[in-house]
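Single-letter residue listing:
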Amino acid sequence: MSVVVLISGRGSNLQAILEAGIPVAAVISNRVDAAGLAVAARFGVATGVVEHRAYATREAFDAALAAAIDRHAPRLVALAGFMRVLTPAFVARYAGRLVNIHPSLLPEFPGLDTHARALAAGTKRHGCTVHFVTEQMDHGPIIAQAPVPVLPGDTEEALAARVLEQEHRLYPQAIRWFLDGRLVIEGDRVRVMENHG
Ligand code: NHR
Ligand code: GAR
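Calculation rules
Residues numbered from 1 in each chain as written. Chains lettered and ligands numbered in written order. Predicted model: local features only at pLDDT ≥ 70, side-chain atom pairs only at ≥ 80, totals over all residues. Heavy atoms only, no water. Helix = DSSP H or I, 4+ residues; strand = E, 2+ residues; numbered from the N terminus. Rg over C-alpha atoms; globule rule 2.2 N^0.38 Å. Buried < 20%, exposed > 50% of the residue type's maximum accessible area, 1.4 Å probe, protein only. Contact = heavy atoms within 4.5 Å. Areas by Shrake-Rupley, 256 points an atom, 1.4 Å probe, with all protein chains shown as cover. Near = heavy atom within 4 Å. Polar contact = N/O pair within 3.5 Å; in protein donor to acceptor, adjacent residues only side chain to side chain. Nonpolar A, V, L, I, M, F, W, Y, C, P; charged D, E, K, R; others polar. Pairing = 2+ DSSP bridges. Core = buried A, V, L, I, M, F, W, Y, C linked by side-chain atoms within 4.5 Å. Phe/Tyr/Trp six-rings, centres within 6.5 Å; stacked < 30°, edge-to-face > 60°. Right-handed = clockwise from strand over helix to strand, strands pointing away. Axes fitted to C-alpha atoms, helices over the stretch in contact; angles between N-to-C directions. Parallel < 35°, antiparallel > 145°, perpendicular 65-115°, else oblique. Left-handed = near helix turned anticlockwise from the far one by under 90°.

Draft legend 1. How the structure looks around the overall build of the chain. A tally of regular secondary structure across the chain gives six helices and nine strands. Relative to the 2.2 N^0.38 estimate, which gives 16 Å for 197 residues, the radius of gyration of the chain is 16 Å and therefore close to what a compact globule would have. Principal-axis analysis of the C-alpha atoms gives the chain an extent of 50 × 45 × 35 Å. Taken over 197 residues, the chain has a buried fraction of 48%. Restricting the contact set of the chain to residue pairs at least 6 apart, pairs at least 24 apart contribute 54%. Accessible surface computed for the chain: about 9700 Å², of which carbon and sulfur atoms make up 52%.

Draft legend 2. Up close: the site of ligand 1. Lining the immediate surroundings of ligand 1 are 21 residues, of which Arg58, Met83, Asn100, Thr134 and Asp138 lie closest. In this structure, Arg58 approaches ligand 1 through a side-chain N or O atom, which is 2.7 Å from an oxygen atom. One of the backbone nitrogen or oxygen atoms of Leu86 is found 3.0 Å away from a nitrogen atom of ligand 1. Broken down by element, the residue count for the shell around ligand 1 peaks at three residues, all from strand S5 (residues 98-102). Its residues assigned to classes, the shell around ligand 1 comprises ten nonpolar, six polar and five charged.

Draft legend 3. Structural context of the pairing of strand S8 (residues 183-186). In the sheet, S8 pairs with strand S9 (residues 189-192) via four bridges, with the strands oriented antiparallel. Across the sheet, residue Leu183 finds its bridge partner in S9, namely Val192. Hairpin geometry of S8 and S9 is characterised by an intervening segment of two residues between the two adjacent antiparallel strands and by a positive phi of about 65° at Gly187.

Draft legend 4. How the structure looks around the nonpolar core. Ile143, Tyr171 and Ile175 are the most contacted members of the largest nonpolar core, which has 40 residues in total. For this core, the element with the most residues is helix H6 (residues 156-179), which contributes nine residues. Ignoring any residue separated from it by four or fewer positions in sequence, one finds Ile175 in contact with Val3, Ile17, Ile22, Leu76 and Ala78. Judged by nonpolar contacts, the second largest core, of 20 residues, contains Ala26, Ala66, Leu86 and Val133.

Draft legend 5. Representation of the packing of aromatic side chains within the structure. Inspection of the entire model under this criterion finds three aromatic pairs. Between Tyr55 and Phe61, the aromatic rings sit 6.2 Å apart at their centres with planes inclined by 55°, giving tilted as the arrangement. Taking 4.9 Å as the distance between ring centres and 50° as the angle between the ring planes, the aromatic pair formed by Phe90 and Tyr94 counts as tilted.

Draft legend 6. Examining the environment of Asp70 more closely. Following the sequence through the fold, Asp70 ends up in helix H3 (residues 58-70). Not counting the four nearest positions on each side in its chain, Asp70 is found in contact with Arg93 and Tyr94.

Draft legend 7. Broad picture of the pairing of strand S2 (residues 24-29). By the criterion of burial, S2 is predominantly enclosed, with five of the six residues buried. Pairing between strand S1 (residues 3-7) and S2: five bridges, direction parallel. Of the residues in S2, the one forming a bridge with Val4 is Ala26. The handedness of the S1 to S2 crossover, carried by helix H1 (residues 12-19), is right-handed.

Draft legend 8. Representation of the site of ligand 2 in the model. Surrounding ligand 2, one finds Arg10, Gly11, Ser12, Asn13, Gly81, Phe82, Met83, Ile101, Pro103, Leu112, Leu164 and Glu167. In the environment of ligand 2, an oxygen atom lies 2.6 Å from a nitrogen or oxygen atom belonging to the side chain of Arg10. Glu167 places a polar side-chain atom, nitrogen or oxygen, 2.7 Å from an oxygen atom of ligand 2. Burial of ligand 2 by the protein chains amounts to 85% of its free accessible area of 440 Å². Looking at the shell around ligand 2, the elements with two or more residues in it are H1 and H6. Among the residues forming the shell around ligand 2, the class breakdown is six nonpolar, four polar and two charged.

Draft legend 9. Spatial organisation of the packing of H1 against H6. Between H1 and H6, the shortest axis-to-axis distance is 9 Å and the interhelical angle comes to 50°. Relative to H6, the element H1 lies oblique. As for the relative orientation of H1 and H6, their crossing is right-handed in sense. Of the residues in H6, those in contact with Ser12, Asn13, Ala16 and Ile17 of H1 are Leu164, Glu167, His168, Tyr171, Pro172 and Ile175. For the contact of H1 with H6, the per-class residue count stands at six nonpolar, three polar and one charged.

Printed below as a string of structure tokens:
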């Protein structure tokens with residue numbers, strides 16, 4: 001019934017998920033010093049650390065990560081500021097039940113440093129995307145998006161904060177849709193079904 005959340009850092013999206021009352025079975029970080037581990041502990045949620053540096057290959061790290069996840073038999077695995085690209089074998093194992101929140105309006109600005117790149121491009125609209133994770137980084141079927149304006153004089157920090165506020169609203173909502181069985185993947189697209197509950 002529940003969710004395993006993967007983090008690498010601060011954990012503000014994790015906190016938004018927990019505050020929304022989403023059932024989280026465990027939080028797993030690839031870094032021992034991730035501040036999000038303390039957020040999980042504060043909410044009484046089990047934590048685990050699988051350090052990517054302890055593994056010689058991405059395949060070995062992902063196998064250890066999958067073993068740690070599968071102990072909790074989650075319905076959904078949610079990346080929340082998780083910073084390691086996942087191997088095809090890992091993605092295949094969780095096909096259709098692995099989601100990510102990305103800080104841009106995909107397909108614009110996949111990858112890292114999205115806010116700096118949005119400012120450099122002079123775009124007037126930026127935002128965030130929740131998507132299913134596939135082999136191709138930041139290209140999976142899009143579940144939901146939230147736009148924000150880019151304002152004159154914006155810094156990277158100001159823009160990131162504006163996007164983050166939307167992330168904290170969007171991600172719990174999208175996870176709720178998944179858990180309520182409302183998301184149907186149709187090829188490259190996601191249909192959000194009406195709630196008949
Ligand atoms: N894995 C797959 N296969 N597909 C996706 O769509 C993924 C993924 C893993 C993570 C999150 C993503 C983001 O939202 C995500 C989506 C990290 C990197 C990266 O380059 C890129 C995209 C994302 C997360 N990571 C470096 C690496 O070598 C390490 C960077 C670091 O440690 O700071 O893995 O942006
Ligand atoms: C969020 O903005 C998230 O979208 C982004 O990192 C931040 C994590 O913040 N994710 C990525 O860049 C993934 N590569 P948080 O740890 O406070 O949730």
